[in-house]
Amino acid sequence: MACVVLQTDAPEPLSAGTTGLTRSAYRVSVTETTHQQSPRTGDGDRSPEYRLAQNALQGLRQDLFHDPFAYRPLGRRPADGPLLRRLPARMRTAAERLPHAVVAAIALLTLMVGAVSGSEPGGDGRALLAGLLCAVPVVVTLSRPVGAFWLSLASGPLTALLNGDGSDWPWMPGSFVSHLTVLVVVALRTRPRTAVWMWVVTALYAVFGDIIFGGSYYYSNGAPMLVLSAFALLLVCLWHVRHTAQQEVTAQQTVTAQERSRRTLLEERTTIARELHDVVAHHMSVVAIQAEAAPYRVENPPEELERAFATIRENAVAALTELRRILGVVRAEDYEAPDAPQPTLADLDALLVNVRGAGLTVEKVVTGAVRELPQGVELSAYRIVQEALSNSLRHAPGASARVEIGYVLGGLGVRVVNGPMPEVSLVKPTRHPATAPDGGLRPPSPIGAGHGITGMRERVAMLDGEMTAGPTEDGGYEVAVFLPVTAVNEGDA
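Here the structure is a predicted model, which is why all the values come from computation and not from measurement.

Moving on to the sheet that holds strand E2 (residues 400-408). Pairing is mixed across the open sheet formed by five strands, whose spatial order is E1-E2-E3-E5-E4. Two strands in the sheet have a free side with no partner beyond their single neighbour: strand E1 (361-367) and strand E4 (466-471). Neighbour to neighbour, the strand axes of the sheet diverge by 10° on average, direction disregarded. In this structure, E2 lies alongside strand E3 (residues 411-418), joined through eight bridges in antiparallel fashion. Bridge pairing in E3 places Ile-405 opposite Val-414. Lying over the sheet, helix H11 (residues 348-357) contacts E1 and E2, oriented at roughly 160° with respect to E1.

In structure tokens form, the structure reads like this:
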């Protein structure tokens, strides 16, 4: 007996020009097309109006309904304001609580207005309760701002029903002042979107109160409330916008100042690296030349010695190549290679002549036994003196300066001090330091790196030295630097 097997997905016969792979690909493409054409019901296919309304409702829920009675105390007023800084310490401490005192005063005012503006003003218990209903929301704004809005909205009809005389609806005079105050204070403590939602809810309450419960009252103050609150909240929103813009500008200025300081520091380090390249390259060139010439100074040198000197020369040449590459990395676009050796302390007299020609009286004093120091130390000392004198020319025209160079046992001491800038009447009108002998303006002085104290500190830190800079007692300025120098024994040389 033959066994029959039912095949639900039998393979299709292959015809000319059609393969099984082609048919499978066709089925896949048809399935994908069907899925793409099927309608979707997700949020991505909603209309822009629907998404706008959904976002608005989410904002309303987040601003007014999400934990409205959360504890958010009002902080003190910052004591670094332009007005508070001028007050004495005791008055400044009291002024920090000024917002709390203003809110408390308004709460007392609403208590009095709510108590005396009802149908039975005076010491009646109902009048006192109406005043308390008006004052409590104002006080609550100090700790729970959003909750204070809902309390103020709820106390309005309670005050009207408790002590109303039929002339004001939906806000009695006390609750009118209370709700307007609450709107302003809460708007100041939150953000503009919350202020908009509070005004919308207030408007809905006013319209609903006039239509449903306003029949027994012959006057409605909903329109005055909406107009006054809209104007007040608009001013608060403008203040928020201005305050936010000021914060953003302050933050941007802080970031810009930090970036400028960082860029200045990098520029100074790049300048130092370029200058030290010449110093190191000179020493490495001497090492390479000495290593190449050393085998020829000894008759029949050992082969090991020749290989050692060859290795020294190869390493020195490789180091020079790497130094050139480093210089190419740190070189600025407008950098021009110097056509003269880097200056040392021996060139300090020429610098002083140039400074005296610019109108600054300079005196030089050298103490200790003058000796040759490492070229990096002398270059840094020269640049420090150069920058200090340049600052004297910029910030104290007409003053005199004194340069002291002290050769001590452990290093080099440099001190540059200038006196105070003379009074305007004491400066000779015929020859100002910023003018040329012919009376015209003198071009900017080429001396100095332009970054002042920052460059000096970088050079001192590079050599593990110490530096102090600051004003003197007579109104001048002093820069004192000590650059340590490691003593080299003759036996080690």
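This part is about the nonpolar core. The biggest cluster of nonpolar side chains holds 31 residues, and the ones touching the most others in it are Val-385, Leu-389, Val-403, Ile-405 and Leu-412. The contact partners of Leu-412, leaving out residues within four places of it in the chain, are Leu-345, Leu-373, Val-377, Ala-381, Ile-405, Gly-406, Tyr-407, Val-481, Phe-482, Leu-483 and Val-485. Grouped together as the second largest cluster of nonpolar side chains are 26 residues, Leu-64, Val-146, Ala-195 and Tyr-205 included.

Its identity as a non-glycine residue notwithstanding, Asp-67 has a phi of 50°, on the positive side. Structurally, Asp-67 can be placed in the loop between helix H2 (48-65) and helix H3 (89-95). With phi around 60°, Asp-464 is a residue other than glycine that occupies positive phi space. Locating Asp-464 in the fold gives a position in the loop between helix H13 (453-462) and E4. Relative accessible area serves as the criterion here: at 65%, Asp-464 is assigned to the exposed category.

Once that is clear, we can look at the confidence of the model for the chain. Considering every residue of the chain, the mean pLDDT works out to 77; 74% of them sit at 70 or more. Mean pLDDT across the secondary structure elements of the chain bottoms out at helix H1 (residues 20-37), with 45, and peaks at helix H7 (residues 173-189), with 93. Long-range and interchain partners of residues 1-41, a stretch whose pLDDT sits below 50, account for nine contacts in this model, where long-range means more than four residues apart. In this model, residues 489-493 is a region of pLDDT below 50 whose contacts with residues beyond four sequence positions or in other chains number zero contacts.

What counts and how
Residues numbered from 1 in each chain as written. Predicted model: local features only at pLDDT ≥ 70, side-chain atom pairs only at ≥ 80, totals over all residues. Heavy atoms only, no water. Pairing = 2+ DSSP bridges. Helix = DSSP H or I, 4+ residues; strand = E, 2+ residues; numbered from the N terminus. Axes fitted to C-alpha atoms, helices over the stretch in contact; angles between N-to-C directions. Contact = heavy atoms within 4.5 Å. Core = buried A, V, L, I, M, F, W, Y, C linked by side-chain atoms within 4.5 Å. Buried < 20%, exposed > 50% of the residue type's maximum accessible area, 1.4 Å probe, protein only. pLDDT = per-residue confidence, 0-100.

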